[in-house]
Amino acid sequence: RDQGIDHMTYANHEGVPEAESIRNYFTEVSLFRKNHLTLGIHPRTREAMSFWTKRTRHHQYLLFYDNGKSSVRVSANATPASVHGWFISPPRQTSSSSSSSLGATTTTTTT
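Below or above, wherever it landed, is the structure these notes cover.

What about the overall build of the protein?
Piece 1. From N to C terminus, the protein includes two helices and six strands.
Piece 2. Listed N to C, the secondary structure of the protein is β-α-β-α-β-β-β-β in terms of helices and strands.
Piece 3. Entry remark: accessible area of the protein is about 8600 Å², with carbon and sulfur atoms responsible for 52%.

Right under this line is the structure:
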């Protein structure tokens, strides 16, 4: 049913492995950093986020990307605006703080 929504952007929440040896990120990772855009602005929230930003050289909260995942209704009016978004003509788009996408961080060590 058409509710006037042609484009959605889902917030990413990033998986935090609690062990160095993970075989299946989808079944073994249960701890997630919530996207900062979905968190309230409160001194305790900023303090908790600071724990993560202090752990990286560039003070990143999420290690990969925080701009979300976009989906679009397939139509002749939808064209890519970037690798992360869409241009809809005429424009009708929304974002949601109640929908999200989970992502797992992976690391590879080379010697």
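With respect to the pattern of salt bridges
Piece 1. Under the definition given, this model contains one salt bridge.
Piece 2. Between Glu14 and Arg33 there is a salt bridge, with the nearest N and O atoms lying 2.5 Å from each other. Of the two residues, Glu14 is situated in strand β1 (residues 7-15) and Arg33 in strand β2 (residues 32-33); the sequence distance between them amounts to 19 residues. Per residue, the accessibility class of Glu14 equals that of Arg33, and both read buried.

What about a nonpolar patch on the surface?
Piece 1. A cluster of nonpolar residues, Leu63, Phe64 and Tyr65, forms a patch on the protein surface that exposes about 280 Å² of accessible area.
Piece 2. Along the chain, the position of Leu63 falls in the loop between α2 (43-53) and β3 (69-72).

Some details on the environment of His7
Piece 1. Within the secondary structure, His7 sits in strand β1.
Piece 2. On the basis of relative accessible area, His7 is assigned to the buried category, the value being 5%.
Piece 3. For the pair His7 and Ala78, spaced 71 residues apart in sequence, the C-alpha to C-alpha distance is 8.9 Å.

A short note on unusual backbone geometry
Piece 1. Of note, His59 is a non-glycine position whose phi angle comes to about 55°, a positive value.
Piece 2. Among the secondary structure elements, His59 is positioned in the loop between α2 and β3.
Piece 3. Exposure remark for His59: the relative accessible area of 54% places this residue in the exposed category.

Calculation rules
Residues numbered from 1 in each chain as written. Predicted model: local features only at pLDDT ≥ 70, side-chain atom pairs only at ≥ 80, totals over all residues. Heavy atoms only, no water. Helix = DSSP H or I, 4+ residues; strand = E, 2+ residues; numbered from the N terminus. Areas by Shrake-Rupley, 256 points an atom, 1.4 Å probe, with all protein chains shown as cover. Salt bridge = Lys/Arg side-chain N within 4 Å of Asp/Glu carboxyl O. Buried < 20%, exposed > 50% of the residue type's maximum accessible area, 1.4 Å probe, protein only. Patch = residues over 30% accessible without salt bridge, like charges linked within 9 Å, V, L, I, M, F, W, Y side chains within 5 Å.

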